[in-house]
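Remarks on the overall topology
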Amino acid sequence: MSKPKTKVITGKVRFSYAHVFEPFKMNEGDREKYGVSLIIPKKDKKTIAKIKEAIEAALEEGKDKFGGKIPRNYKSPLRDGDEEREDDDVYANAYFVNANSPRKPELVDADRDPIMTKEEFYSGCYGRASINFYAFNSNGNKGIACGLNNLQKLEDGESLGAQISSAEDDFADSDDDLS
């Protein structure tokens, strides 16, 4: 079975803003969804080329949504981290794609065993993603969106989330008189 031209399995990316265990709402009134930002090193020419090809295929497939022709200034899901996140070193020398889905993605490790906890899969770890691209035309906005299918964690990385201390660490040096 051949995969659709709009589906991409990435090379190794870094996961950020990982909302993959519970859905979230970006804005009031939005429906809940699962999502993750995929940070793709600019040196990964193969993944970037596959994404660009999938975006082109989605544009072609979505012509009906655009009134029969591809808009000149469509919103692209592939964004340049050096331009749009210049103050964030995590996005330096990288592109990024925000992938979302109303369906919870399946999460697996390098051996394709299920990942069940937030301690195993978190913002900052590295892996591969199965994503798909599709056209949208909503409220005057025309473009290509990125759907989230499944995620595979390949290796740990420095957490990008808030660092939370343990109770043991917080109270280890407490000499305060509690009486």
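Look a little higher up for the structure.
Keep in mind that this is a model prediction, so the values were computed, not measured.

Conventions we followed
- Residues numbered from 1 in each chain as written.
- Predicted model: local features only at pLDDT ≥ 70, side-chain atom pairs only at ≥ 80, totals over all residues.
- Heavy atoms only, no water.
- Helix = DSSP H or I, 4+ residues; strand = E, 2+ residues; numbered from the N terminus.
- Buried < 20%, exposed > 50% of the residue type's maximum accessible area, 1.4 Å probe, protein only.
- Contact = heavy atoms within 4.5 Å.
- Areas by Shrake-Rupley, 256 points an atom, 1.4 Å probe, with all protein chains shown as cover.
- Core = buried A, V, L, I, M, F, W, Y, C linked by side-chain atoms within 4.5 Å.
- Salt bridge = Lys/Arg side-chain N within 4 Å of Asp/Glu carboxyl O.
- Phe/Tyr/Trp six-rings, centres within 6.5 Å; stacked < 30°, edge-to-face > 60°.
- Lys NZ or Arg CZ within 6 Å of the ring centre and 35° of its normal.
- Expected span 1.5 Å × (residues − 1).
- Pairing = 2+ DSSP bridges.

**Focus: the overall build of the chain**
- For the chain, the helix and strand inventory stands at three helices and eight strands.
- From first element to last, N terminus to C terminus, the chain shows the α and β order β-β-β-α-β-α-β-β-β-β-α.
- Taken across its 179 residues, the chain has 36% of its residues classed as buried.
- Excluding contacts between residues fewer than 6 apart, the proportion of contacts in the chain whose partners are at least 24 apart in sequence is 69%.
- Summing over all exposed atoms, the chain offers an accessible surface of approximately 11600 Å²; the carbon and sulfur share of this is 45%.

**Structural notes on the nonpolar core**
- Counting residues in hydrophobic clusters, the biggest one holds 31 residues, and the most contacted among them are F15, I51, F121, I131, F133, I144 and L151.
- Mapped by element, the contributors of at least two residues to this core are strand 2 (13-24), strand 3 (33-41), helix 1 (45-61), strand 5 (94-101), strand 7 (126-138) and strand 8 (141-155).
- Of the residues forming this core, the biggest block, six residues, is contributed by helix 1.
- In this view, I51 contacts V8, I40, L78, V97 and F133; residues no more than four positions away in its chain are not counted.

**Quick look at the pattern of salt bridges**
- In the structure shown here, the tally under the stated rule is seven salt bridges.
- A salt bridge links E22 to K118; the nearest nitrogen and oxygen atoms lie 3.1 Å apart. One end of the pair, E22, is in strand 2; the other, K118, is in the loop between strand 6 (106-108) and strand 7, with 96 residues separating them in the sequence.
- Residues K153 and D156 are paired through a salt bridge, measuring 2.5 Å at the closest nitrogen-oxygen approach.
- When its relative accessible area of 12% is taken as the criterion, K153 is described as buried.
- Taken together, the shared-partner salt bridges in this structure form one network comprising K42, D80 and D82.

**A look at the packing of aromatic side chains**
- Applying the stated rule across the entire model yields two aromatic pairs.
- For the pair F15 and F121, a centre-to-centre distance of 4.9 Å together with 40 degrees between the ring planes defines the contact as tilted. With F15 in strand 2 and F121 in the loop between strand 6 and strand 7, this residue pair connects regions lying 106 residues apart in the sequence.
- Sitting over the ring of Y95, K42 keeps its end group 5.3 Å from the ring centre.
- One Lys or Arg, R85, reaches over the ring of Y91 and ends 4.8 Å from the middle of that ring.

**Focus on helix 1**
- Between the first and last C-alpha of helix 1 there are 24 Å, a value that for 17 residues agrees with the 24 Å anticipated at 1.5 Å per step.
- Tucked inside the fold, the buried residues of helix 1 contact strand 1 (7-9), strand 3, strand 5, strand 7 and strand 8.

**Quick word on the environment of L148**
- Inspection of the secondary structure puts L148 in strand 8.
- In sequence terms L148 and N98 are 50 residues apart; their C-alpha atoms lie 8.7 Å from each other.
- Ignoring any residue separated from it by four or fewer positions in sequence, one finds L148 in contact with Y34, G35, V36, A99, N100, S101, R103, P105, S130 and N132.

**Concerning the side chain of S101**
- Position of S101 among the secondary structure elements: in strand 5.
- Since its relative accessible area comes to 8%, S101 is described here as buried.
- Not counting residues within four places of it along the chain, the set of residues in contact with S101 comprises K33, Y34 and L148.

**Observations concerning the pairing of strand 7**
- Pairing between strand 1 and strand 7: three bridges, direction antiparallel. In the sheet register, K7 faces strand 7, and the bridge partner there is N132.
- By the bridge criterion, 13 bridges tie strand 7 to strand 8 in an arrangement that is antiparallel. Paired with F133 across the bridge in strand 8 is C146.
- In this structure, the hairpin formed by strand 7 and strand 8 is closed by a connection of two residues, where N139 is found at a positive phi of approximately 50 degrees.

**Quick look at the pairing of strand 5**
- Direction of pairing for strand 3 relative to strand 5: antiparallel, over a ladder of eight bridges. Residue pairing in the sheet places L38 in a bridge with V97 of strand 5.

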